[in-house]
Amino acid sequence: MSETDTSPHAVIEFWKQAGPKYWFAKDEAFDKRFRETFYTAHFKAAKRELEPWLSEAESALALLLLLDQYPRNAFRGTAHMFATDPLARFYAHQVIEAGHDQQINMALRGFCYLPFEHSEDPNDQRLSLQLHEQLEPKDTRWAKEHADIIERFGRFPHRNAVLGRVSSEQELRFLNEGGFAG
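All values derive from a computational prediction rather than experimental measurement.

Novice: Looking at this structure, how should I read the packing of helix α1 (residues 8-18) against helix α4 (residues 57-74)?
Specialist: Two packed helices can be described by the angle between their axes and the distance between those axes. It is at 9 Å that the axes of α1 and α4 come closest, and there the two elements cross at 55 degrees. Looking at the two axes, α1 sits oblique to α4. Viewed along their axes, α1 and α4 form a crossing whose handedness is left-handed. Between α1 and α4, the residues in contact are Pro 8, His 9, Val 11, Ile 12 and Trp 15 and Glu 58, Ser 59, Leu 61, Ala 62, Leu 65, Leu 66, Gln 69 and Asn 73, respectively. Across the contact of α1 with α4, the residue classes break down as 8 nonpolar, 4 polar and 1 charged.

Novice: Teacher, can you tell me more about the packing of helix α5 (residues 85-97) against helix α6 (residues 106-117) here?
Specialist: The geometry of α5 relative to α6 is characterised by a closest axis approach of 9 Å and an angle of 135 degrees between their N-to-C directions. As summarised for this structure, α5 and α6 are arranged oblique, according to the angle between their axes. Of the two possible hands of crossing, α5 and α6 adopt the one that is left-handed. Between α5 and α6, the residues in contact are Ala 88, Arg 89, Ala 92, His 93, Val 95 and Ile 96 and Cys 112, Tyr 113, Pro 115 and Phe 116, respectively. Along the lines of polarity and charge, the residues of the contact of α5 with α6 split into 8 nonpolar, 1 polar and 1 charged.

Novice: Mind showing me how you'd approach the packing of aromatic side chains here?
Specialist: Centre-to-centre distance and the angle between the planes together describe a pair of aromatic rings. Applying the stated criterion across every chain, the model contains 19 aromatic pairs. Centre to centre, the rings of Phe 30 and Phe 34 are 5.6 Å apart; their planes meet at 40 degrees, and the pair counts as tilted. Placement of both Phe 30 and Phe 34 in helix α3 (residues 28-46) is noted, with a separation of 4 residues, approximately one turn of the helix. The buried category is assigned to Phe 30, whose relative accessible area is 2%. Under the relative-accessibility criterion, Phe 34 is labelled buried at 2%.

Novice: For this particular structure, what's the right way to read the pattern of salt bridges?
Specialist: Two side chains bearing opposite charge may form a pair once their charged atoms approach each other closely. For the structure on display, the rule yields 11 salt bridges. Linking Lys 47 and Glu 49 is a salt bridge whose minimum nitrogen-to-oxygen distance equals 3.6 Å. Glu 49 gets classed as partly exposed once you look at its relative accessible area, which sits at 45%. Several salt bridges converge on common partners, so that one network encompasses Asp 68, Arg 72 and Asp 85.

Novice: Would you explain unusual backbone geometry in this entry?
Specialist: With the exception of glycine, most residues fall at negative phi, and the peptide bonds are largely trans. Positive phi is not limited to glycine here, since Arg 48 has a value of about 65 degrees. By the element assignment, Arg 48 lies in the loop between α3 and α4.

Novice: Sorry if this is basic, but what is going on with the nonpolar core here?
Specialist: The tendency in soluble globular proteins is for nonpolar side chains to be buried as a group. The biggest cluster of nonpolar side chains holds 41 residues, and the ones touching the most others in it are Trp 15, Phe 38, Leu 61, Leu 63, Leu 66 and Phe 111. Every element with two or more residues in this core is listed here: α1, α3, α4, α5 and α6. Discounting chain neighbours no more than four positions away, the residues touching Trp 15 are Trp 23, Phe 30, Phe 34, Leu 65, Gln 69, Asn 73, Leu 108 and Phe 111.

How each quantity is defined
Residues numbered from 1 in each chain as written. Predicted model: local features only at pLDDT ≥ 70, side-chain atom pairs only at ≥ 80, totals over all residues. Heavy atoms only, no water. Axes fitted to C-alpha atoms, helices over the stretch in contact; angles between N-to-C directions. Helix = DSSP H or I, 4+ residues; strand = E, 2+ residues; numbered from the N terminus. Parallel < 35°, antiparallel > 145°, perpendicular 65-115°, else oblique. Left-handed = near helix turned anticlockwise from the far one by under 90°. Contact = heavy atoms within 4.5 Å. Nonpolar A, V, L, I, M, F, W, Y, C, P; charged D, E, K, R; others polar. Phe/Tyr/Trp six-rings, centres within 6.5 Å; stacked < 30°, edge-to-face > 60°. Buried < 20%, exposed > 50% of the residue type's maximum accessible area, 1.4 Å probe, protein only. Salt bridge = Lys/Arg side-chain N within 4 Å of Asp/Glu carboxyl O. Core = buried A, V, L, I, M, F, W, Y, C linked by side-chain atoms within 4.5 Å.

This is how it looks when you write it as structure tokens:
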């Protein structure tokens, strides 16, 4: 794969090869490799140049990965981690409406739903829970944890610093006591 490879297959294969060991872990080497491999593709997706990928299940999943997962790794610790979240949710709705999520194998299907789990909107959180209930129970656990945080605080406190938001005393206590930190 080269930095200019923007094929959906390349994105999916990279993600599958990384596997669960790297999907939700903080690993500088993996983040660097992901960033360098799909930097151009991410920005093409952000500019809506890859919208035709929505026509098929696998390419739609690749688009969601570029807009939801990629920035969380490639731009970790910056506000850009969340910059393409609204577009990822917009596309995730289309993926579900087209039934593409049902064509994705169970191991990867949850990535069609993560844009809702990553949202600070309570309606998106309810949808995330509903969608995750179709997956394995362990997947529902994380969706529930995210929904509970939004219900409690109305936002994800661990994002406050990078987004320039002032944390409340309750949010700081939650974080200092080991609450979800992304």
